[in-house]
Amino acid sequence: YAAKSSRSGVQVYVPDPRGGTGDRLRTMEDLRTALERDDQIEVHLQPQVDLRDGAVVGAEALVRWRHPVRGLLSPAELLPAAEQAGLLRPLADAVLDLALTAAAGWWPEREVPVSVNLSAADVTDLDLPGKVAQALVRHGLPARALTLELVEDTLMNDPERGRRVLGELRRLGVRTSIDDYGTGYSSLAYLRHLPADELKLDRSLTHDLGTDRRAGAIIRHTVALAHDLGISVVAEGVEDGDTATALTDLGCDVAQGFAIARPMPVGDFRTWLSAPHGCVVDRAGS
Ligand code: C2E
Ligand code: MG
Ligand code: MG
Ligand code: MG
């Protein structure tokens, strides 16, 4: 229910003060039905743009549940329910399928990869690489059409196995991304052992850029290290043009955030993608 669950999306369950156990059971039952009927789970897409020229270089798929009574539910409400109900795996399968269906709609005319978030259960699932490979074939997509995002914490329980899974995914040609970097215990040394193509600076870092000089220093040095390792840097939570400009000056490659666009339903994203959009990055550069 609460922001507490946002780091991994699934590990911390904060009971909803608005509802008791009965409501929670009800929600779990509803979710089981939703996954079986396959028409209430959606992904919304949020664009990622190159900070140098504003080109669209990615789209993150963020799960939503269009609940018949409660309306559009966010991951913070949906993921804890899925975990409690033991439905994380079918949910992850559904999200992967929805994200690849979306990407197949614009690929190969637009070679924009779609990003999917992984939970701890996904990262340590030895069947994941095979499942992903099959899904790509089913949708007629090359591996580089998919980026998989994970938070470092998700590897903590079984780092060995997680690295194996990630290594196999990268050998397939799937891109990997470290999400929410700069929160919790993320450390630079970690990058030595974690194969990744991309690092996403957490929005708590980008958000404080204007007021906290240390945030700028941390970003600058993280970018330098990432680039030395051949890793590109995406800034999350970019909410205004000034921040985009500052991030460009600090060497960040890509921006994602409300300043560019909010997450939107797949149809709206297709329209957004095909329309010329004067985004904040263009203004930042001029
Ligand atoms: P995340 O992967 O870090 O995703 C970014 C979150 O920040 C999204 O929230 C997005 O709507 C929000 N956001 C984007 N731009 C801005 C901005 O400029 N300002 C602010 N304040 N927020 C911004 P959302 O969709 O509620 O997702 C929350 C988290 O839930 C995600 O964080 C991710 O960890 C998890 N999640 C989302 N979809 C999935 C999924 O399909 N599977 C799994 N396992 N986790 C998911
Ligand atoms: Mg993410
Ligand atoms: Mg996400
Ligand atoms: Mg993030």
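Source: prediction; values computed, not measured.

A. Layout of the coordination of the magnesium ion (ligand 4). Coordination sphere of the magnesium ion (ligand 4), protein contribution only: Asp179 (OD), Asp180 (OD), Glu236 (OE) and Glu236 (OE), at 1.9 to 2.5 Å. Donor residues binding the magnesium ion (ligand 4) come from one chain and are separated in sequence as D-D-x55-E. Here the magnesium ion (ligand 4) and the magnesium ion (ligand 2) are spaced 4.1 Å apart, and both take Asp179 as a donor. Of this pair, Asp180 sits in strand S6 (residues 175-181) while Glu236 is found in the loop between strand S8 (232-235) and helix H9 (241-249), placing the two residues 56 residues apart along the sequence. Take Glu236: its relative accessible area is 10%, and that puts it in the buried class.

B. Local environment of the side chain of Ser115. By the secondary structure assignment, Ser115 is in strand S4 (residues 114-117). Ser115 gets classed as buried once you look at its relative accessible area, which sits at 1%. Once residues within four sequence positions are removed from consideration, Ser115 is found in contact with Gln48, Ala59, Glu60, Ala61, Thr147 and Glu149.

C. Examining the coordination of the magnesium ion (ligand 3) more closely. Within the protein, the atoms that donate to the magnesium ion (ligand 3) are Glu60 (OE) and Asn117 (ND2), at distances of 2.2 to 2.3 Å. The distance between the magnesium ion (ligand 3) and the magnesium ion (ligand 2) is 2.7 Å, with Glu60 acting as a donor to both metals. Taken as a pair, Glu60 in strand S2 (residues 56-67) and Asn117 in strand S4 lie far apart in primary sequence, 57 residues in all. Relative accessible area serves as the criterion here: at 4%, Glu60 is assigned to the buried category. For Asn117, a relative accessible area of 31% gives the class partly exposed.

Cut-offs applied
- Residues numbered from 1 in each chain as written.
- Chains lettered and ligands numbered in written order.
- Predicted model: local features only at pLDDT ≥ 70, side-chain atom pairs only at ≥ 80, totals over all residues.
- Heavy atoms only, no water.
- Donors = N, O, S within 2.8 Å, 3.2 Å for Na, K, Ca; no water.
- Helix = DSSP H or I, 4+ residues; strand = E, 2+ residues; numbered from the N terminus.
- Buried < 20%, exposed > 50% of the residue type's maximum accessible area, 1.4 Å probe, protein only.
- Contact = heavy atoms within 4.5 Å.

On their own, these measurements won't tell you what the molecule is for.
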